[in-house]
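# Inside the fold
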Amino acid sequence: MDAFRRHLLRDAALGAMAVGMAGAAGALPSLTGAPGVGRPRSAQVHVAGTTFARLFEPGMDGGKPRGLAVDLLDAILIPAGHQPRYEFYPWLRAQSMIEHGPAQILVGPYRTPERERSMRFSRLAFYEDALVFYARRREEGLWWDDFRALQPLRIGAVQGWVYGDRFEQARAGLNVTAVRDLATALRMLQLNRLDLIAANQRNSEPVIQELGLADQVVLCAPPFAQLRGHFAFSRDAAGEPWAALVDAGMQRLRASGELQQMAARRGVALPD
């Protein structure tokens, strides 16, 4: 009987020790050293986004996705013991997946006060875009940096995209048609169903080439906005350690010069 009791006491003590160690592990500082932020617990990280030229693109023939966002997240997450799983969705759905789950990281949103109410943004931006208008060739003079002159025109804007304060302040007085994606907007412009489309230059150039519209569609100058893109995370407590991990990794890569080298290889403009 004494031997049986000794076994019970030993098992109870080991169980209590295990619980204590698990609690301590949950309270450990993150890999970033940020106080009060627990380590991200998921071994696999669900990274959501839509196709962004040079930033986040599907791999060739079903291979690994490529782009600056992939380079950065691989360099941050894999050494920390996490395996990113990159998946592509329509842009509105990708945003919903970071707001409501199951994704942990969203690639590339511009930071706005409205979005800050529903998602947490990385401290550093990792790219900068020129927001521009495109017109049919020989009609680029429709834009001369005056939104009031656009009131009679038909303007295409992609659903879920952010275009900056100037555009949004002028939107109520403009004839804006929301389109599903950039390719649809470009085809509508080609068919004379739109007079201008609003887009960012980085995303537009490869789509124009892919559609064979380089001789028909032309960029209008000057840009009407310069916007910076971030990684984003959920606003709840589960998003905090992922944000801390990515923030620390971005700071490290920028300080070492690796971020600048990665951006140069991909042909992406970095914010100052």
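What counts, and where the lines are drawn
Residues numbered from 1 in each chain as written. Predicted model: local features only at pLDDT ≥ 70, side-chain atom pairs only at ≥ 80, totals over all residues. Heavy atoms only, no water. Phe/Tyr/Trp six-rings, centres within 6.5 Å; stacked < 30°, edge-to-face > 60°. Helix = DSSP H or I, 4+ residues; strand = E, 2+ residues; numbered from the N terminus. Buried < 20%, exposed > 50% of the residue type's maximum accessible area, 1.4 Å probe, protein only. Salt bridge = Lys/Arg side-chain N within 4 Å of Asp/Glu carboxyl O. Contact = heavy atoms within 4.5 Å. Expected span 1.5 Å × (residues − 1). Pairing = 2+ DSSP bridges. Right-handed = clockwise from strand over helix to strand, strands pointing away. Axes fitted to C-alpha atoms, helices over the stretch in contact; angles between N-to-C directions. Parallel < 35°, antiparallel > 145°, perpendicular 65-115°, else oblique. Nonpolar A, V, L, I, M, F, W, Y, C, P; charged D, E, K, R; others polar.

### Details of the packing of aromatic side chains
One pass over the structure, following the stated rule, counts 17 aromatic pairs. Between the aromatic rings of phenylalanine 133 and phenylalanine 167, the centroid separation amounts to 6.3 Å while the plane-to-plane angle is 40°, which identifies the pairing as tilted. Here phenylalanine 167 lies in helix α5 (residues 165-171) and phenylalanine 133 lies in strand β5 (residues 127-136), a separation of 34 residues in the sequence. As far as burial versus exposure is concerned, phenylalanine 133 and phenylalanine 167 are alike and both buried. A network of ring pairs unites the aromatic residues Phe133, Trp143, Phe147, Trp161, Tyr163, Phe167 and Phe224 as a single cluster.

### Concerning the pattern of salt bridges
Throughout the structure, instances matching the rule amount to 15 salt bridges. Here arginine 136 and glutamate 139 are joined by a salt bridge, their closest N and O atoms 3.2 Å apart. With a relative accessible area of 30%, glutamate 139 lands in the partly exposed category. With its nearest N and O atoms 3.0 Å apart, the salt bridge here joins arginine 166 to aspartate 145.

### Section: the environment of glutamate 116
Its location among the elements puts glutamate 116 in helix α4 (residues 113-116). The class of glutamate 116 is partly exposed, set by a relative accessible area of 30%. C-alpha of glutamate 116 to C-alpha of arginine 235: the two residues are 119 residues apart in sequence and 8.5 Å apart in space. Excluding residues within four positions of it along the chain, glutamate 116 makes contact with Arg111, Phe121 and Arg235.

### A short note on helix α8 (residues 239-256)
For α8, built from 18 residues, the straight-helix expectation of 26 Å at 1.5 Å per residue is met to within 8% by its first-to-last C-alpha distance of 26 Å. Those residues of α8 lying buried are Gly239, Pro241, Trp242, Ala243, Ala244, Leu245, Val246, Asp247, Gly249, Met250 and Leu253. For α8, the secondary structure elements touched by its buried residues are β1 (44-49), α2 (68-77), β3 (105-110), β4 (119-121), β10 (225-234) and α9 (258-266). Phi for glycine 257, located one or two positions after α8, is positive at around 90°.

### Side note on the pairing of β1
Within a regular strand, the side chains alternate between the two sheet faces. Of all six residues in β1, five are buried, a share of seventy percent or more. When β1 meets strand β2 (residues 83-88), the two strands line up parallel, connected through six bridges. Bridging across to β2, alanine 48 finds its partner in glutamate 87. Between the parallel elements β1 and β2, the chain passes through α2 in a crossover that is right-handed. Two elements, β1 and β3, share two bridges in a ladder whose sense is parallel. Opposite valine 47, over in β3, you have isoleucine 105 as the bridge partner.

### Focus on the pairing of β3
Of all six residues in β3, six are buried; the element is thus mostly enclosed. One ladder, built from three bridges, connects β3 with β10; its direction is antiparallel. Looking across to β10, one finds that valine 107 is bridged to phenylalanine 231.

### A word on the packing of α8 against α9
Their axes nearest at 4 Å, the elements α8 and α9 cross at an angle of 85°. When the interaxial angle is binned, α8 and α9 end up roughly perpendicular. Here Arg252, Leu253, Arg254 and Ser256 of α8 lie close against α9, whose contacting residues are Glu258, Leu259, Gln260 and Met262. Within the contact of α8 with α9, the residues separate by chemical class into three nonpolar, two polar and three charged.

### Quick notes on the packing of α2 against α8
As a packed pair, α2 and α8 sit with axes 9 Å apart at the nearest point and diverge in direction by 105°. Relative to α8, the element α2 lies roughly perpendicular. Facing Leu72, Leu73, Ala75, Ile76 and Leu77 of α2, the residues of α8 in contact are Trp242, Leu245, Val246, Gly249, Met250, Arg252 and Leu253. Its residues assigned to classes, the contact of α2 with α8 shows 10 nonpolar, one polar and one charged.

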